[in-house]
Structure formats: structure tokens, C-alpha cells
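# Summary of the model geometry
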Amino acid sequence: MLLIRNLEENEYEFLLDMLYESIHIPEYKPTREELLNFPHIRKYHEGWGRAGDRSLIAIDEENQKVGAVWYRLFEENNQGYGYVDHNTPELGIAIVENGRGKGIGTLLMKKILQLAMAEGYKSISLSVDPDNSDAVHIYNKLGFQEYGISGTSITMVYRDAEH
């Protein structure tokens, strides 16, 4: 049985681990410390807990953290890779290596989409490497649509069907 719950303050390091995992760099990936301190990445976690920041984590039956999903709002003058507008939070997700392929990511995505829509957002975006075909397939299945290209990544958007 999988438990999905809000990230607690003392679990911030796990969120950073998952942020590091979520960055698709197949070869020569910098260390966690190095990568998370690049200015274009630091903006995803710096000052976490501000208005518009949300994170859910998945806990397995052995009480182990197995994944996280989160979103954050960005401004036009400080855009994330999946930036659409200042009212569309940008989503990130990662699952621990031995937890992949078990539906945990899909469940986390469904929960965070429900949460975002319940909080009044009309859309949510993400950035994905087109070579990460498993992720692209899952996002398409969940209702995300291609929005544009940012560098080497695809920006995808989920829009609330009721709006």
C-alpha cells in the first residue's frame, strides 16, 4: 500500500535528492551539490516553502520514501525551463531507482494535478527531455500536450478540462 502525503519540512533534503534525480543528464552528470547550485537549477529549490510551492511524497509499505512530485510558480523575469506564465506552476517529479515502473509516478502525478486544480490553477506545465520517451508517454497519457521547445527540452502543459 502506497501512502501519498504532503512533504514535511524535515524532508527537504529528500526533495533535493528527487530534484537532482529529475534532471535528465545521461552522461557526465555533475554531483548533486554542483548541479543543484547552478543558477538555472537553484531557482527550483531556493527559498522553498514560498506561496505556490507544493510537494507530495510517496511512502511505500516499508515506510521508505520512494518518490516526490512538486510544483513552483515562476515569474517572467525568472523563468523555469517549462515556463508558460506566472499563473501556471511548473511541475517536477522523480522516483527512486528501485521504485520505477510500478505506477508510483503516475499516482503522484494524478494527486498533484488534483491538488493544483483544487487550489484554483487552470494549468500546470513541465519540461521533459524528448529522449526520455517513457516520461513523455506517461505525460501524454495523463493529458499533457506539447506547448513548445525550451533549449533541448519539450515544454508540456496540462489544462483543467473544466476551464
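A separate point is unusual backbone geometry. Excluding glycine, residues mostly carry a negative phi; peptide bonds, for their part, are mostly trans. Of note, the phi angle at Tyr-28 is positive, near 55 degrees, even though the residue is not glycine. One can find Tyr-28 in the loop between helix 1 (12–22) and helix 2 (32–36). Note on Tyr-28: relative accessible area 80%, which makes it exposed. Phi is positive for Asn-63, which is not a glycine, with a value near 65 degrees. According to the relative accessible area criterion, Asn-63 is exposed, its value standing at 65%.

Once that is clear, we can look at the pattern of salt bridges. Evaluation of the coordinates by the stated rule reveals nine salt bridges. Linking Arg-32 and Glu-13 is a salt bridge whose minimum nitrogen-to-oxygen distance equals 2.8 Å. On the criterion of sequence distance, the pair formed by Arg-32 in helix 2 and Glu-13 in helix 1 is long-range, its members being 19 residues apart. Classification of Arg-32 as partly exposed rests on a relative accessible area of 25%. Residue Glu-21 pairs with Arg-100 through a salt bridge whose shortest N-O separation is 2.9 Å.

How each quantity is defined
- Residues numbered from 1 in each chain as written.
- Predicted model: local features only at pLDDT ≥ 70, side-chain atom pairs only at ≥ 80, totals over all residues.
- Heavy atoms only, no water.
- Helix = DSSP H or I, 4+ residues; strand = E, 2+ residues; numbered from the N terminus.
- Buried < 20%, exposed > 50% of the residue type's maximum accessible area, 1.4 Å probe, protein only.
- Salt bridge = Lys/Arg side-chain N within 4 Å of Asp/Glu carboxyl O.

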